[in-house]
Amino acid sequence: MQNVLLNNGVEMPILGFGVYQIPPEQTEQAVSDALAAGYRSLDTAAAYGNEEAVGRAIKASGIPREDLFVTTKLWISGAGEENARHAFHTSLRKLGLDHLDLYLIHQPFGDVYGSWRAMERLHREGAVRAIGVSNFYPDRLVDFIDHNEITPAVNQIETHPFNRRTVDQDVMHERGVQIESWGPFAEGRNNLFSDPVLTEIGAAHGKSVAQVVLRWLIQRQVVVIPKSVRADRMAENLDVFDFELTDSQMASIDAMDTGRSLFLDHRDPEVVSRIGKLQPNT
Ligand code: NAP
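Fair warning: this is a prediction, and the values are worked out from it, not measured in the lab.

A. Layout of the site of the ligand. Lining the immediate environment of the ligand, one finds 26 residues, of which D43, E187, K227, S228 and R233 sit closest. Between G183 and the ligand, the recorded distance is 3.0 Å, taken from a backbone N or O atom to an oxygen atom. Taking K227, its side chain carries an N or O atom lying 2.8 Å from an oxygen atom of the ligand. Contact with the protein chains hides 88% of the accessible area of the ligand, taken as 910 Å² for the molecule alone. Looking at which element gives the most residues to the shell around the ligand, the answer is helix α9 (residues 231–238), with three residues. Of the residues that constitute the shell around the ligand, the class distribution is twelve nonpolar, eight polar and six charged.

Dropping the structure here:
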């Protein structure tokens, strides 16, 4: 597995497994299958409601802890210095772990500065190897970096061929923040899996559309965490290190960018208010 080097010297696999929208009762099996397929990096969140199932699969796998890279995320309801510390320990207990590899602020809303102070302390105490954020646009990210002690190691944002986020990636690169894609397949929106450009490029390499998209992201040095509940697709999504897209193929995929989210705009007041009030069972 290819790794990226985070700004604090920690190595992170460039390809991992995401578990958003996998129901808790299906998650243990899915994560067990993913670990058996060879994934070693797992991405969950308190808000997904499946941390316990992820933890059971990790325990059952018998894989040494140091071979795994486990990420979870702090939901808005746990924001603030005291709350975030408590939420972190709740997640750790649910996962059955004694430390995390990466802890992310899930959304740029609520008392993120208080949360970050708690996370900086947890990091100094050795409870988490790296801390980062998610869904931060460049303006918020830069403000956050300039007014905190520790620069986030990672910013996990929607990134796929229809929303390629090059400006975000440039700012992150300048500031030493690793970009991580969520929704690498745009969850199949815009008919991604039957897109003619991606299909043609795949045919040229004997690879699927999914593999082409992951390869495009990996060649851009973007960390990817595709989700699937199917073992055949898990294996397919891992099998992306034996081919290379040409500059012209990369450019053809770049040209699919619409410059807009296919999901939600974190700068839309209605979205900010609606997401800020969500109370998932964390
Ligand atoms: P995604 O990975 O873009 O797409 C998942 C969809 O693609 C599922 O419907 C899956 O179906 C299908 N799929 C997977 N592999 C395939 C293949 N090889 N061929 C055809 N279809 C395939 O979407 P995502 O789950 O939203 O994003 C990935 C991860 O990012 C999440 O699981 C989560 O960990 C993270 N995430 C984070 C945030 C955030 O706010 N930080 C938001 C969203 C997601 P099957 O399962 O039926 O195979």
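The rest of the description comes next.
B. Broad picture of the sheet that holds strand β6 (residues 100–105). Strand order across the open sheet formed by eight strands is β3-β4-β5-β6-β7-β8-β9-β10, with parallel pairing between neighbours. The sheet is open, and its two borders are formed by β3 (17–18) and β10 (223–224), each paired with just one other strand. Pairing of β6 with strand β7 (residues 128–134) involves five bridges; the strand directions are parallel. In the strand pairing of β7, L100 is matched with V128.

C. A look at the packing of helix α3 (residues 81–95) against helix α4 (residues 112–124). In contact at an axis separation of 7 Å, α3 and α4 are set at 50° when each is read in the N-to-C sense. Between α3 and α4, the interaxial angle falls into the category oblique. Classified by chirality, the crossing of α4 by α3 is right-handed. Residues E81, A84, R85, F88 and H89 of α3 pack against G114, S115, R117, A118, R121 and L122 of α4. In terms of residue class, the contact of α3 with α4 is built from four nonpolar, three polar and four charged.

D. Region of the structure containing helix α2 (residues 51–61). Of the positions making up α2, those classed as buried are E51, A53, V54, G55, A57 and I58. Remark: G62 follows α2 within two positions and exhibits a positive phi of approximately 70°.

Rules of the game
Residues numbered from 1 in each chain as written. Predicted model: local features only at pLDDT ≥ 70, side-chain atom pairs only at ≥ 80, totals over all residues. Heavy atoms only, no water. Near = heavy atom within 4 Å. Polar contact = N/O pair within 3.5 Å; in protein donor to acceptor, adjacent residues only side chain to side chain. Areas by Shrake-Rupley, 256 points an atom, 1.4 Å probe, with all protein chains shown as cover. Helix = DSSP H or I, 4+ residues; strand = E, 2+ residues; numbered from the N terminus. Nonpolar A, V, L, I, M, F, W, Y, C, P; charged D, E, K, R; others polar. Pairing = 2+ DSSP bridges. Axes fitted to C-alpha atoms, helices over the stretch in contact; angles between N-to-C directions. Parallel < 35°, antiparallel > 145°, perpendicular 65-115°, else oblique. Left-handed = near helix turned anticlockwise from the far one by under 90°. Contact = heavy atoms within 4.5 Å. Buried < 20%, exposed > 50% of the residue type's maximum accessible area, 1.4 Å probe, protein only.

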